[in-house]
Amino acid sequence: MNIETLHKDFLQSTGICTDTRKITKNCLFFALKGDNFNGNTFTQQALDNGAFKVVIDDLRYHKNTGETILCKDVLGLLQKLATFHRDYLEVPIIALTGSNGKTTTKELINAVLSKKFKTTATKGNLNNHIGVPLTLLSMTKETEMGIVEMGANHLKEIENLCEIAKPNYGYITNFGRAHLEGFGSEEGVIKGKSELYNYLTKNKLPIFLNADDSIQKNILNGYINKFGFSQTASTYFNISFTKASPFVSLNFNGIDIESKLIGAYNFTNICAAVIMGHYFGVDDSLIKDAIEEYTPSNNRSQLINQGSNTIILDAYNANPTSMMAALKNLEQMDNTSKILFLGDMFELGNTAKEEHQTIADYVAKANFNKVYLIGENFGNVKVSNKSIEKHTSFNELEKVLKNSTISEATILIKASRGMALERIVPLL
C-alpha cells in the first residue's frame, strides 16, 4: 500500500476510527486485531455504518469496489500513516513519559501552552502503540503544538513510540516502582523510560527535567541542551513549593500560584507545565491563570466534599511509589480523622507480595484512624493493628460499608484501575 495514497484518503475522510461502535460518517476504519477480536470481521459493518474505506489485512474480507484497502499489517500501517502525517504537518511535538503523573502533567502542559498556541494533546491516557498514532492523526494544519503522552510496561516500547512520533522535546515525570512485572526491576524502569532521553540526546534535541531528581540529573550530566527547574539550584529555573494543605501552592518569578491539585507529589507536575510555558514564551500571568483554572478529573487526585467527609479520590491507578506518596501526603494534612481505602496494585510480578506487605507495614505504624485493605494481594498481608481491616474483594467491603457510618473524616481512596474503587464513593 502506497503511504502517500493512503494519506490522501485519510485527508478526505472525517478521521480515523478503530471501533465500529464509534463509527462516524466518512471515517477511515482500521480493522485492528486484539487477543479477543479480529477487526477484519467487522469490515462490512463498518461500511454499513458509514465508513469511507476500511483498512484490512485479511484477504477474505477484501472487496474489489475500492471500499477496502488490503495491507500486510493494519497496526503497522496505522503507525506508518501517523508518522507520515506527523512529517506532513511538521508540528513541534513534546513527548512525556514517566512512572507517575503522566496524564496530569500532560493536561497541565496543555492548559498552559493552549494560552498561546493551538494545541493537540493525547486524549485521556491513549498513550500506547495505538493511542500515540491516533493522537498524531488527530492533529491538523491548525495545530501549532502537539503534546504526546507515552506509556510503557516493557523495554523498547518508548523507543518504538519515539520512532513513530519523532518528538522535538521531551520530559520524564519520574522513575518509580511501576510495571515491575514487565520491566523486571526499578533499574529496568529507569532504562525503559530513559529511551525518550536516548532519542532526544541522539538527535541533540531539547530536554526538560526536574533538576532536583538526582537520577534524571545524573543521566543527563554533560548534556547541554536541557532546561530544568529546581527549588534550590541557581543554574536552573527556580520554582518554590509553598504548601499542600490540601491544595498545592507554589511561587515562581515572584508570582504565587494556588492550584486545585492536592498532594505535594503534584508539585513537580505543575513545575513541568510552568517551565514549558516559560520556555515557549507564555506570559507569566497566563501560566498562573492556566494552572489555577485546571481542575483534575477522571479519578485522579479529585477532592470531593460529601456530607461531612472530604474524599481524596485517586483511584485511577497505583503503584508502590505513588501509593507511598499519597500516604505521606495524607499524613501531613491537618485533619482529626483519616480513613484509608487501599486496593491492590497490579503489574508487580513476583514483587507483588513484598510491595503490598511494605505498604501494610507502613500504614500499621502510621497514625491513621481506620484502614481498609482491599483485594487478593492486600488480603494476604500480615498485620496486627486492630484499626486495619482486610477484604479480599469489593463485594466483601460493600457489605461492611452498607452497615457502617463514616462522618467528619478525610478519606483516601487509592488503587490500580482494575480495582475500580471509585465504587466506594456512593457507599460513603
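Scoring rules and cut-offs
Residues numbered from 1 in each chain as written. Predicted model: local features only at pLDDT ≥ 70, side-chain atom pairs only at ≥ 80, totals over all residues. Heavy atoms only, no water. UniProt positions renumbered as here; feature names shortened; annotations may be inferred. Domains from an automatic or database assignment. Helix = DSSP H or I, 4+ residues; strand = E, 2+ residues; numbered from the N terminus. Phe/Tyr/Trp six-rings, centres within 6.5 Å; stacked < 30°, edge-to-face > 60°. Buried < 20%, exposed > 50% of the residue type's maximum accessible area, 1.4 Å probe, protein only. Pairing = 2+ DSSP bridges. Contact = heavy atoms within 4.5 Å. Axes fitted to C-alpha atoms, helices over the stretch in contact; angles between N-to-C directions.

- By the naming in an unreviewed UniProt entry, the chain goes by UDP-N-acetylmuramoyl-tripeptide--D-alanyl-D-alanine ligase and is assigned to Patiriisocius marinus.
- According to its UniProt record, the chain has this under Catalytic activity (unreviewed entry): "D-alanyl-D-alanine + UDP-N-acetyl-alpha-D-muramoyl-L-alanyl-gamma-D-glutamyl-meso-2,6-diaminopimelate + ATP = UDP-N-acetyl-alpha-D-muramoyl-L-alanyl-gamma-D-glutamyl-meso-2,6-diaminopimeloyl-D-alanyl-D-alanine + ADP + phosphate + H(+)".

Observations concerning the domain arrangement of the chain
Line of reasoning, step 1. Domain annotation of the chain identifies domain 1 (3-75), domain 2 (91-293) and domain 3 (302-427).
Line of reasoning, step 2. Spacing between the C-alpha centres of domain 1 and domain 3 amounts to 44 Å.

Examining the environment of Q44
Line of reasoning, step 1. Among the structural elements, Q44 can be located in helix α2 (residues 43-48).
Line of reasoning, step 2. The spacing of Q44 and D334 is 290 residues in sequence and 60 Å in space, taken between C-alpha atoms.

Considering the packing of aromatic side chains
Each aromatic ring pair is described using two quantities: the centre-to-centre distance and the angle formed by the ring planes.
Line of reasoning, step 1. Counting across every chain of the model gives 13 aromatic pairs.
Line of reasoning, step 2. Judged by centre distance (6.5 Å) and plane angle (40°), the ring pair of Y171 and F229 falls under tilted. Remark: F229 occurs in strand β10 (residues 226-230) and Y171 occurs in strand β8 (residues 169-172); sequence separation between them is 58 residues. A single burial state applies to Y171 and to F229, both of which are buried.
Line of reasoning, step 3. Here F241 and F267 contribute two aromatic rings whose centre-to-centre distance is 5.4 Å and whose plane-to-plane angle is 80°, an arrangement assigned as edge-to-face. One end of the pair, F241, is in strand β12 (residues 240-244); the other, F267, is in helix α11 (residues 267-279), with 26 residues separating them in the sequence.
Line of reasoning, step 4. Judged by relative accessible area, which is 31%, F241 ranks as partly exposed.

Examining the sheet that holds strand β9 (residues 207-210)
Line of reasoning, step 1. The strand order β6-β7-β5-β8-β9-β10-β11 describes an open sheet built from seven strands, whose pairing is parallel. This sheet does not close on itself; its edge strands, each paired only once, are β6 (119-121) and β11 (237-238).
Line of reasoning, step 2. The sheet contact formed by β10 and β11 spans two bridges and is parallel. Of the residues in β11, the one forming a bridge with F229 is F237.
Line of reasoning, step 3. Those strands touched by helix α9 (residues 195-202) are β5 (93-97), β8 and β9, and its axis lies near 150° from that of β8.

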